[in-house]
Amino acid sequence: MSFSALGLRAELLLAVGEQGYTEPTPIQAQAIPAVLAGRDLMGGAQTGTGKTAGFVLPILQRLAEQQGGTHSRTQVRALILVPTRELAAQVQASVFTYGKHLPKIRSLSVYGGVGFHPQVQALKRGIDILVATPGRLLDHLSQRTVDLSKVQVLVLDEADRMLDMGFIPDIRKILAYIPKQRQNLLFSATFSDEIKKLADGFMKDPLLVEVARRNATAELIAQRICPVDREKKKDLLAHLITTGDWKQVLVFTRTKHGANNLAEKLVKSGIRADAIHGNKSQPARTRALAEFKAGKIKVLVATDIAARGLDIDELPHVVNFELPHVANDYVHRIGRTGRAGSTGEAVSLVCVDELGLLRDIERLIKREIKKDIVPGFEVDPRIRAEPIVQGKRGGQQQRRPSNSARKPAGNRGQNAPRQPAARAGGRNSRDSGRRAFSY
Ligand code: AMP
């Protein structure tokens, strides 16, 4: 199928051609005609499926067709809500790219961590398509610096992420500012009961379009596990990057501290690296991402939250320096590579503490991941599992010191902290120190 068969205008076809897209992805083929026809739509699609163009192209077309309508210049006509700042910037960049041959469609992204006033000035000049994170948009609404009373199309992008990040109450508040009569589009990697409940509350007879999830169709991503002792992970990563002559690699750690630490260590070994996480200022995050995309830094070390929505074309390597606690995050992480038709590689460095997490992931993706022992980094069978425990603040995690991990529960001091169920080598801390699984 070609893009021209979808009923898009010549200006949009030209922009799509300039991007080198020869045919629509499955989500685009289904979503574009439905959105053009004005239908509500629930799209089951993850980042990497081409979903952004799936909603941006038909929205641009619909707005272009009503130029000179009754709205005033300063009234937003399409509102796209996204969970993260990076995704806001990327979606707005797509709006700009796909709409560049259309006359007079203005777009803006507003998100926190950057100046409020420049956003106010841009909103005053007039915006047709606004891409926003919920918190900053609510700030604008409370200051009356944005007018949403003429919004015709609402998009909730990565709705499952917004739910995870606790944005649903904010979204409900925002809904009160926009007309009830409008088109609604919701995209989500998963349709949990909570997402369905949210959708039921505001969508009208939505068309349900689902494209194969990445965990079912990961053929484009070569996945492998490198078993390694926990203390040797940094050296193994540096070894893989150097010997494989990797030019661009996104590395995931569980904690912000771990991300900083690893980036520093890589820099010390002569590998250009930087970290991106929630404690970094927005300009620092933007700069790190830009330098990574431009090839000025080779390695970007990121936490899950910071990496959500990052769109880096044809990223060749993703490394799980540590496996995520939630198996689904593995799928999101590796989805950063092998995007929309290109191939990629996802390598997970797995130490004995993480065998339980590995088992959960393999169960989710319904396949065993190939094991690849790197010569010189063979695991020491004498090293026992230590539980990885969730810390008190903000999802920080730490390893319990090995001596306490090995003591039977009754021998621990009165003041020993109660630990939540640990996930090393098994489902709970009783499995600690015992090898419940092997690589
Ligand atoms: P998304 O899922 O919207 O984040 O898009 C993922 C990537 O796919 C982006 O880098 C797009 O530039 C790219 N892309 C979108 N549509 C197509 C297409 N029809 N053919 C090839 N690549 C595409």
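The structure presented is a predicted model; accordingly, all values stated were derived computationally and were not measured.

## Here's the deal with the sheet that holds strand S11 (residues 299-302)
No. 1: The sheet built from 7 strands is open, its strands ordered S10-S11-S9-S12-S13-S8-S14 with parallel pairing. Edge positions in the sheet fall to strand S10 (273-276) and strand S14 (370-371), since each of these pairs with one other strand and no more.
No. 2: Direction of pairing for S10 relative to S11: parallel, over a ladder of 4 bridges. Each bridged residue has a counterpart across the sheet, and for Ile276 the counterpart in S11 is Ala302.
No. 3: The strands touched by helix H11 (residues 256-268) within the sheet are strand S9 (249-252), S10 and S11, with S10 carrying the most contacts at an inclination of about 170°.

## Quick look at the packing of aromatic side chains
No. 1: All chains considered together, the criterion is met by 2 aromatic pairs.
No. 2: Each ring, one from Phe55 and one from Phe187, has its centre 5.1 Å from the other, and the planes form 40°; the classification is tilted. Of this pair, Phe55 sits in helix H3 (residues 51-65) while Phe187 sits in strand S6 (residues 183-188); the two residues are 132 residues apart in sequence, bridging distant segments of the chain. With respect to class, Phe55 is no different from Phe187; both count as buried.
No. 3: Over the aromatic face of Phe321 sits the side chain of Lys233, whose NZ or CZ is 5.7 Å from the ring centroid.

## Brief notes about the pairing of S11
No. 1: Burial along S11 is two-sided: Val299 and Val301 and Leu300 and Ala302, pointing in opposite directions, are all buried.
No. 2: Taken together, the 4 bridges between S9 and S11 define a ladder with parallel strand orientation. Directly across from Val249, in S11, lies its bridge partner Val299.

## Focus on the packing of helix H6 (residues 134-142) against helix H8 (residues 168-175)
No. 1: At a closest axis distance of 10 Å, the pairing of H6 and H8 adopts a crossing angle of 35°. Between H6 and H8 lies a crossing whose hand is left-handed. Of H8, the residues touching H6 (which contributes Pro134, Gly135, Leu137, Leu138 and Leu141) are Asp170, Ile171, Lys173 and Ile174.
No. 2: Residues that form the contact of H6 with H8 fall into these classes: 6 nonpolar, 1 polar and 2 charged.

## Things to note about the nonpolar core
No. 1: One finds Phe55, Leu57, Ile59, Leu60, Ile80, Ile129 and Leu185 to be the most contacted residues of the largest nonpolar core, which totals 39 residues.
No. 2: Put simply, the parts of the chain that give this core at least two residues each are helix H1 (10-18), helix H2 (26-36), H3, strand S2 (78-81), helix H4 (85-98), strand S4 (129-132), strand S5 (153-156) and S6.
No. 3: At 8 residues, H3 tops the list of elements feeding residues into this core.
No. 4: Once residues within four sequence positions are removed from consideration, Phe55 is found in contact with Ile80, Val91, Val155, Asp157, Leu185 and Phe187.
No. 5: In terms of nonpolar packing, the next biggest core, distinct from the first, is built from 34 residues, Leu81, Phe167, Leu175 and Met203 among them.

## Here's the deal with the confidence of the model for the protein
No. 1: Per-residue confidence for the protein averages 84 on the pLDDT scale, and 82% of its residues sit at or above 70.
No. 2: Considering only residues more than four positions removed or in separate chains, one finds that residues 391-436, a stretch of pLDDT under 50, has 82 contacts.

## Looking at helix H5 (residues 117-125)
No. 1: Listed as buried for H5 are Gln119, Val120, Ala122 and Leu123. An end-on view of H5 places all buried positions within 165° of arc, on one side of the element. When the buried face of H5 is taken as reference, the exposed residues oriented beyond 90 degrees from it are His117, Pro118, Lys124 and Arg125.
No. 2: Those residues of H5 that are buried are in contact with strand S3 (107-110), S4 and H6.

## Observations concerning the pattern of salt bridges
No. 1: Throughout the structure, instances matching the rule amount to 26 salt bridges.
No. 2: We note a salt bridge from Asp205 to Arg39, for which the minimum N-O separation is 3.6 Å. Pair noted here: Asp205 is in the loop between helix H9 (193-202) and strand S7 (207-210) and Arg39 is in the loop between H2 and strand S1 (41-44), with a separation of 166 residues, a long-range link.
No. 3: When its relative accessible area of 61% is taken as the criterion, Asp205 is described as exposed.
No. 4: Residue Asp170 pairs with Lys173 through a salt bridge whose shortest N-O separation is 3.9 Å. Highlighted residues: Asp170 and Lys173, both in helix H8, separated by 3 residues, approximately one helical turn.
No. 5: The network of salt bridges with shared partners includes Lys51, Asp157 and Glu158.

## With respect to the sheet that holds S5
No. 1: Ordered in space as S3-S4-S2-S5-S6-S1-S7, the 7 strands form an open sheet in which the pairing is parallel. Of all the strands in the sheet, the pair left with one neighbour each is S3 and S7. Strand-to-strand twist in this sheet, taken as the mean axis angle between neighbours without regard to direction, amounts to 15°.
No. 2: As judged from the 4 bridges shared by S1 and S7, these two strands associate in the parallel manner. Across the sheet, Gly44 pairs through a bridge with Glu210, a residue of S7.
No. 3: Packing against the sheet, H4 makes contact with S2, S3 and S4, and its axis sits at approximately 175° to S3.
No. 4: Where H6 meets the sheet, its contacts fall on S2, S3 and S4, and the angle it forms with S4 comes to roughly 120°.

Rules used throughout
Residues numbered from 1 in each chain as written. Predicted model: local features only at pLDDT ≥ 70, side-chain atom pairs only at ≥ 80, totals over all residues. Heavy atoms only, no water. Pairing = 2+ DSSP bridges. Helix = DSSP H or I, 4+ residues; strand = E, 2+ residues; numbered from the N terminus. Contact = heavy atoms within 4.5 Å. Axes fitted to C-alpha atoms, helices over the stretch in contact; angles between N-to-C directions. Phe/Tyr/Trp six-rings, centres within 6.5 Å; stacked < 30°, edge-to-face > 60°. Buried < 20%, exposed > 50% of the residue type's maximum accessible area, 1.4 Å probe, protein only. Lys NZ or Arg CZ within 6 Å of the ring centre and 35° of its normal. Left-handed = near helix turned anticlockwise from the far one by under 90°. Nonpolar A, V, L, I, M, F, W, Y, C, P; charged D, E, K, R; others polar. Core = buried A, V, L, I, M, F, W, Y, C linked by side-chain atoms within 4.5 Å. pLDDT = per-residue confidence, 0-100. Arc of directions from axis to C-beta. Salt bridge = Lys/Arg side-chain N within 4 Å of Asp/Glu carboxyl O.

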